[in-house]
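Take a look at the letters that make up each chain.
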Amino acid sequence: MKIAVRAGRTAAVVAGAVVCAAVALPTIAKADAGDTAECPAARVTGLSSALDTVGTAAAAGPSIAFGVLLVPLSQPLPPPFDAAQSQALSGAADGVQQLRADAPGYVEQLRAGIAPFAAGNEFANQGVNAVADTLDTVADTAGPAIAPADRTLHETATIVRSNAEVSASC
């Protein structure tokens, strides 16, 4: 059983490495070919992950909120108000589309604005890893006494570690 699990993990690692190589090699080839494309904004420990979340919410959030509000607001009103209701709903739909179109540009501006803070990634990563190590130590030390919170602490440590960023150059 242990051999099968190890073989499965090894296969997963090899498959992951192949996928990473398939993604990275074309990028490296473009850079070596003298491509003058701009480098993306440097990622900053902690902040870039938050901007990823904001970007996702900006893409989906307005449509979801409008859909939820549309249910009660789309109930037909009596004749003097029905035209205004139709115009208001149409205008709101246009506003949602405009917000969805503009939001990625705003997120990219924020990314560019915080990019200089990537210089502190090494120091920030040490703090991130220290917090994650502390969570793991508490979970390991307390163990079954705090179960199932020990598993939650290990999972939280994994999430905290995922906020570390590597200073990359183009």
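What comes next is a walk through the structure. (Residues numbered from 1 in each chain as written. Predicted model: local features only at pLDDT ≥ 70, side-chain atom pairs only at ≥ 80, totals over all residues. Heavy atoms only, no water.)

**As for the packing of helix α2 (residues 47–73) against helix α3 (residues 79–114)**
Two elements in contact, α2 and α3, have axes whose closest approach is 9 Å; the angle formed by their N-to-C orientations is 175°. The angle between α2 and α3 places the two elements in the roughly antiparallel class. Residues of the contact of α2 with α3, tallied by class, amount to 18 nonpolar, four polar and three charged. (Axes fitted to C-alpha atoms, helices over the stretch in contact; angles between N-to-C directions. Helix = DSSP H or I, 4+ residues; strand = E, 2+ residues; numbered from the N terminus. Parallel < 35°, antiparallel > 145°, perpendicular 65-115°, else oblique. Nonpolar A, V, L, I, M, F, W, Y, C, P; charged D, E, K, R; others polar.)

**Digging into the pattern of salt bridges**
In a structure, side chains of opposite charge can pair up when their charged atoms sit close to one another. Here the structure, examined in full by the defined rule, presents seven salt bridges. As a salt-bridge pair, Asp136 and Arg161 come within 2.9 Å of each other at their nearest N and O atoms. Of the two residues, Asp136 is situated in helix α4 (residues 121–142) and Arg161 in helix α5 (residues 149–161); the sequence distance between them amounts to 25 residues. For Asp136, a relative accessible area of 16% puts it in the buried group. Here the residues in one salt-bridge network are Arg43, Asp52, Glu108, Arg111 and Glu165, joined through shared partners. (Salt bridge = Lys/Arg side-chain N within 4 Å of Asp/Glu carboxyl O. Buried < 20%, exposed > 50% of the residue type's maximum accessible area, 1.4 Å probe, protein only.)

**What about α5?**
Its 13 residues place the ends of α5 18 Å apart at the C-alpha level, agreeing with the 18 Å of an ideal helix rising 1.5 Å per residue. Asp150, Ala157 and Val160 are the residues of α5 that are buried. Taken down its axis, α5 places every buried residue within 75° of arc, on the same side. In α5, the exposed positions angled more than 90 degrees off the buried face are occupied by Arg151, Thr158 and Ile159. The secondary structure elements touched by the buried residues of α5 are α4. (Expected span 1.5 Å × (residues − 1). Arc of directions from axis to C-beta. Contact = heavy atoms within 4.5 Å.)

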